[in-house]
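# Overview (structure and organization)
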Amino acid sequence: MFDHPSYDAHEGVHMFHDAPSGLRAIIAVHSTALGPAAGGCRMMKYATGEAMLKDALRLSQGMSYKNAMADLPLGGGKAVIWGDSKADKSPDLFRAFGRAVASLNGTYYTAEDVGIDVADMEIVRQETEFVAGLDHGAAASGDPSPITATGVFRGILETARRAFGTDDLTTRTIAVQGVGSVGAHTCDFLAKAGATLVITDIDQAALKAVAARTGARIVAPDDIYDVEADIFSPNALGAVVNEQTLERLKVKAIAGAANNQLVMPEMGELLRRKGILYAPDYVINGGGIINVAAEISGNYSRDWVDSKLDRLMETLGAVLDEALAQDKPTNEVADRIARQRIADAR
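For clarity, every value in this text was computed on a predicted model and none was experimentally measured. (Residues numbered from 1 in each chain as written. Predicted model: local features only at pLDDT ≥ 70, side-chain atom pairs only at ≥ 80, totals over all residues. Heavy atoms only, no water.)

### Considerations on the overall build of the protein chain
Stated precisely, the cut-off is as follows: Helix and strand assignments come from DSSP, with helices taken as H or I runs of at least 4 residues and strands as E runs of at least 2, each series counted from the N terminus. In this setup the radius of gyration rests on C-alpha atoms only. A globule is expected at 2.2 Å times the number of residues raised to 0.38. Type-normalised accessible area, obtained with a 1.4 Å probe on protein chains alone, sets the label of each residue: buried when under 20%, exposed when over 50%, and partly exposed for intermediate values. Contact definition: two residues touch when any of their heavy atoms are within 4.5 Å. Within this scheme the basic residues Lys and Arg register as positive and the acidic residues Asp and Glu register as negative, but His and the chain ends are omitted. Think of each charge as sitting on NZ of Lys, CZ of Arg, CG of Asp or CD of Glu.
Check the secondary structure of the protein chain and you find twelve helices and twelve strands. Since a compact globule built from 346 residues should have a radius of gyration of about 20 Å, the 19 Å found for the protein chain is in line with a globular shape. Here the protein chain, with 346 residues, has 56% of them falling under the buried criterion. When contacts within the protein chain are restricted to residue pairs at least 6 apart in sequence, those whose partners lie at least 24 apart make up 65%. For the protein chain, the distance from the average position of its 34 positive side-chain charges to the average position of its 46 negative side-chain charges is 3 Å.

Okay, structure coming up:
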């Protein structure tokens, strides 16, 4: 563990197994310097245990940086459950996961992520109070995906303003990878703003629904990297910007909701050299965790959420401006700011 390339001095990495329910889960707590660790739980059918561990470690580190950049009183953590989210869910499994979260005594708050929905979190809530993204309760705020999408759309505007000199999207083509809960809402915002959309996903029903209401053109999953577009918006899984895809991308900017979009930090420099402006993922996609933070506080306020989202967009703009002014990779600028905020809190 301590030699793992993605370890990054995590405070704790907890593995849980519950044989009766079939639960196999990892909860990674990267940092509690700013407050209790918070980050969603995702459920995926990983190829190997190593792939699962790597995902948990990278995602939890990203949450530390995301919460720091959003100026939230929360540290970074993430949970992953090994299983098919369409076939392996059960109330017993999520109650077992709830007990796992409870055993950390408030060090980690969970919520929805890929493969997990509000109904799942309601079951988790039966076993622990350290859960957010609920439909019921005094401070319940429900699915945070719409707020995430709002931030991503606004972040695309901030990125376009710097990449093209204007945030007018009526002449822009945007290639959107992933039209799940966040991606679909983002497409709705983009279509309303007049953008031309090219979309892909492995979920054919979701693709058809988004295309029907936005006029988007559908392409095969692997073809999205070859689309002639102005902006590439990754809204599915991570590591989609790598040495192979970089050679194929024909865009001037990358801005989307997916976590860990760069297969390695060095990709930021390669993007800069290619003239592609990258909106660091953990900055642009922070809307959802802002919404969750308001719920965790016990006094949910949409005005507070909106003000924090406004501040986050200012932070994104500042990162992009500094990177452009100093000719540096945007992810390096964002990483430096996030690490400094966490260090100052310690």
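### Comments concerning the packing of aromatic side chains
What describes a pair of aromatic rings is the distance from one ring centre to the other and the angle between the planes of the rings. As a reminder of what qualifies: Aromatic rings from Phe, Tyr and Trp, with only the six-membered ring used for Trp, were paired whenever their centres fell within 6.5 Å, and each pair was classed as stacked if the ring planes differed by under 30 degrees, edge-to-face if by over 60, and tilted otherwise. Placement of a charge over a ring requires the Lys NZ or Arg CZ to be within 6 Å of the ring centre, with the centre-to-atom vector within 35 degrees of the ring normal.
Overall, the coordinates contain five aromatic pairs when judged by the stated rule. Centroid distance Y109 to F130: 5.3 Å. Interplanar angle 85°. Geometry classified as edge-to-face. Of this pair, Y109 sits in strand β6 (residues 108-109) while F130 sits in the loop between α3 (118-124) and α4 (145-164); the two residues are 21 residues apart in sequence, bridging distant segments of the chain. Of the two residues, Y109 and F130, both sit in the buried class. Here the basic side chain of R172 rests over the ring of F164, its NZ or CZ set 4.0 Å away from the ring centre.

### Some points on the nonpolar core
The nonpolar side chains of a soluble globular protein tend to be buried with one another. Put simply, the test is: The criterion is simple. A nonpolar core is a set of buried Ala, Val, Leu, Ile, Met, Phe, Trp, Tyr and Cys residues joined through side-chain atoms within 4.5 Å.
I27, I81, F97, I174, L190, L197 and I199 are the most contacted members of the largest nonpolar core, which totals 85 residues. A total of eight residues in this core trace back to one element, the largest contributor, which is helix α11 (residues 302-326). By size, the runner-up hydrophobic cluster in this structure holds 19 residues, among which are V227, L246, I254 and M267.

### Digging into the sheet that holds strand β11 (residues 253-254)
The pairing of strands in a sheet comes from backbone hydrogen bonds and takes either a parallel or an antiparallel form. This is how the line gets drawn: Strand pairing is assigned whenever DSSP detects at least two bridges linking the two strands. Helix axes are fitted only over the stretch in contact, all axes being lines through C-alpha atoms; the angle between N-to-C directions runs from 0 to 180 degrees.
Spatial strand order, β9-β8-β7-β10-β11-β12: six strands in an open sheet with parallel pairing. Unpaired on one side and paired on the other, β9 (217-218) and β12 (277-278) mark the two borders of the sheet. Summarising the sheet, β11 and β12 pair through two bridges and their orientation is parallel. Among the inter-strand pairings, I254 is bridged to a residue of β12, identified as Y278. Seen against the sheet, α4 touches β7 (173-177), β10 (231-234), β11 and β12 and runs at an angle of roughly 155° to β10. In the packing of helix α6 (residues 204-214) onto the sheet, the strands contacted are β8 (196-200) and β9, and the crossing angle to β8 comes to about 170°.

### Side note on the pattern of salt bridges
In plain terms, the rule: Whenever a carboxyl oxygen of Asp or Glu lies within 4 Å of a side-chain nitrogen of Lys or Arg, that contact is scored as a salt bridge.
Applying the stated criterion across every chain yields a total of 21 salt bridges. A salt bridge links K78 to D113, with the shortest nitrogen-to-oxygen separation between them at 3.3 Å. With K78 in strand β5 (residues 75-82) and D113 in the loop between β6 and α3, the pair connects residues that are 35 residues apart, well separated along the chain. Here K78 matches D113 in class, with each residue buried. For R99, the salt bridge goes to E127, with nearest N and O atoms at 3.8 Å. Within this pair, whereas R99 is found in helix α2 (residues 91-102), its partner E127 is found in the loop between α3 and α4, the two being separated by 28 residues in sequence.

### Points about α6
For clarity, the threshold we go by: Relevant arc is that of directions from the helix axis to the C-beta atoms, nothing else. Here a polar contact is recorded for every N or O atom pair within 3.5 Å, except that within protein the pair must consist of a potential hydrogen donor and a potential acceptor, and residues adjacent in sequence are included only if both atoms are side-chain atoms.
Buried within α6 are the following residues: A206, L207, V210, A211 and T214. Considered in projection along α6, the buried side chains sweep an arc of 125° and stay on one side of the axis. Away from the buried face of α6 by more than 90 degrees, exposed residues A205, K208 and A212 are located. Those residues of α6 that are buried are in contact with α5 (181-192), β8 and β9. For α6, the side-chain oxygen to backbone nitrogen distance between the N-cap and A205 is 3.1 Å, and the N-cap itself is D203. Note on α6: the residue one or two positions beyond its end, G215, has a positive phi of about 75°.

### With respect to unusual backbone geometry
With a phi close to 55°, N105 is a non-glycine residue in the positive phi region. Mapping N105 onto the fold places it in the loop between α2 and β6. Look at N105 and you get exposed, because its relative accessible area is 65%. Even without glycine at this site, D327 takes up a positive phi of about 55°. Mapped onto the fold, D327 is located in the loop between α11 and α12 (330-345). When its relative accessible area of 52% is taken as the criterion, D327 is described as exposed.

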